[in-house]
Amino acid sequence: MALLFCLVLTNGLTAQVTEVALWEGKIPNAISNSKYTEIQTIKDFVLVKVSQVVKPTLTIFKPKSPNGTAVIICPGGGYAHLSIDKEGYKVAEWLNTLSITAIVLKYRLPSDAIMKDKTIGPLQDAQEAMRYARRHAKELNIQEDKIGILGFSAGGHLASTLATHYKDMVYNITDSVSAKPDFSILIYPVISMEEGITHQGSRNNLLGCSPSIDTVEYFSNEKNTDTSTPITFIVHATDDKAVPVENSVNYYRKLKANHVSVELHLYEKGGHGFGLGKIATSLFWTKQCEIWLQANNFKE
């Protein structure tokens, strides 16, 4: 049963928030393990971090006056945990101020303890989240052709994996609902799994310590773009010491070569994990993203 409650936003508006299970019935690719349970980190009565996710959920933030656009949010955390407040709930609040419906995806983190194939677990959840939004578009008061994906850091890897592998059959589906995002927003994203460019922790957690060349190629999303890849907005700081800026630059170049509409914002300062911005150049990305959303008819 869905959990309903009200959340008072920082701007004083009230949004309806609903948490639902992502999967109905058996979760694909899952291994039952009673010793593996979700771990939540709470600070000052706020859920800030989640790890060992067993049952993925969607937390749906409905704005007061929805404009028909929805964004599925993938928090980062190196595929080891989810920074679910800073890169999830707070981002949903911001999107609600733009009249955009926001859906925070609490996805399964790759683990051999609960998955037959840990490399595809997060992608399975991302595909199903997109299909869920489309199947429930009417009740969510959104348009089926205005559903995007947004990801931070490793969540940006998941978002770009969905953008490039939305057609891949990673689980059995019973309908023809598309998992393709209509647009993607990538914030300091991990894109590549190649040595020297990737974030090593994210790569090790997702692919293991000795992945095959084919597996590295498959999950290096810059290598899997084509002319049908969704339009994209990208943000990165050049002083990011965790995820090299080349991840975003290379993805931008590949999209441009495929004639996909793409906008890239590189900031001098900001480091990694700045979320909605810091008192530096990275502070302004939300406004620039808002302008981009409006220019592409996803915001009135």
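First, a word on what this report is: a plain description of the structure on this page. Since this is a predicted model, take the numbers as computed values, not measurements.

Things to note about unusual backbone geometry
Next up, step 1: For Phe-45, which is not a glycine, the phi torsion comes out positive at approximately 65°.
Next up, step 2: Of note in this structure, Ser-153 is not a glycine but carries a positive phi near 55°.
Next up, step 3: Its place among the elements puts Ser-153 in the loop between strand E8 (147-152) and helix H4 (154-165).
Next up, step 4: Relative accessible area serves as the criterion here: at 7%, Ser-153 is assigned to the buried category.

Side note on the environment of Leu-47
Next up, step 1: By the element assignment, Leu-47 lies in strand E4 (residues 46-51).
Next up, step 2: Separated by 36 residues in the primary sequence, Leu-47 and Ser-83 have C-alpha atoms spaced 9.2 Å apart.
Next up, step 3: Once you skip the residues sitting within four places of it in the chain, Leu-47 turns out to touch Gln-40, Thr-41, Ile-42, Ile-84, Asp-85 and Tyr-89.

Some remarks on helix H1 (residues 85-97)
Next up, step 1: The terminal C-alpha atoms of H1 lie 17 Å apart, and with 13 residues this matches the ideal 18 Å at 1.5 Å per residue to within 8%.
Next up, step 2: In the structure, H1 departs most strongly from a straight axis at Val-91, where the bend amounts to approximately 30°.
Next up, step 3: Most of H1 sits inside the fold, with 10 of its 13 residues counted as buried.
Next up, step 4: Following H1 by one or two positions, Ser-99 adopts a phi angle in the positive range, close to 70°.

Quick word on the pairing of E4
Next up, step 1: Inspection of the sheet shows strand E3 (residues 39-43) paired to E4 by five bridges, in the antiparallel sense. Paired with Ile-42 across the bridge in E4 is Leu-47.

Overview of the pairing of strand E9 (residues 183-187)
Next up, step 1: In terms of burial, E9 is largely enclosed, as five of its five residues are buried.
Next up, step 2: Side-chain alternation along E9 places Phe-183, Ile-185 and Ile-187 on one buried face and Ser-184 and Leu-186 on a second face that is also buried.
Next up, step 3: Here E8 runs beside E9; their pairing, made up of five bridges, is parallel. Looking at the pairing, Ile-149 lines up with Ser-184 of E9.
Next up, step 4: For the crossover from E8 across H4 to E9, the handedness is right-handed.

Some details on the nonpolar core
The tendency in soluble globular proteins is for nonpolar side chains to be buried side by side.
Next up, step 1: Core analysis: the biggest nonpolar cluster contains 83 residues, and Ile-73 and Trp-285 have the highest contact counts within it.
Next up, step 2: Sort the elements by how many residues they give to this core and helix H2 (residues 121-135) lands first, with six residues.
Next up, step 3: When neighbours within four sequence positions are excluded, Ile-73 is seen to be in contact with Glu-87, Gly-88, Val-91, Ala-92, Leu-95, Ala-102, Ile-103, Val-104, Leu-105, Leu-150 and Phe-152.

Reading the values: the criteria
Residues numbered from 1 in each chain as written. Predicted model: local features only at pLDDT ≥ 70, side-chain atom pairs only at ≥ 80, totals over all residues. Heavy atoms only, no water. Helix = DSSP H or I, 4+ residues; strand = E, 2+ residues; numbered from the N terminus. Buried < 20%, exposed > 50% of the residue type's maximum accessible area, 1.4 Å probe, protein only. Contact = heavy atoms within 4.5 Å. Expected span 1.5 Å × (residues − 1). Bend = angle between axes of the 7 residues up to and from the residue. Pairing = 2+ DSSP bridges. Right-handed = clockwise from strand over helix to strand, strands pointing away. Core = buried A, V, L, I, M, F, W, Y, C linked by side-chain atoms within 4.5 Å.

Limitation: the analysis is restricted to geometry and does not speak to function.
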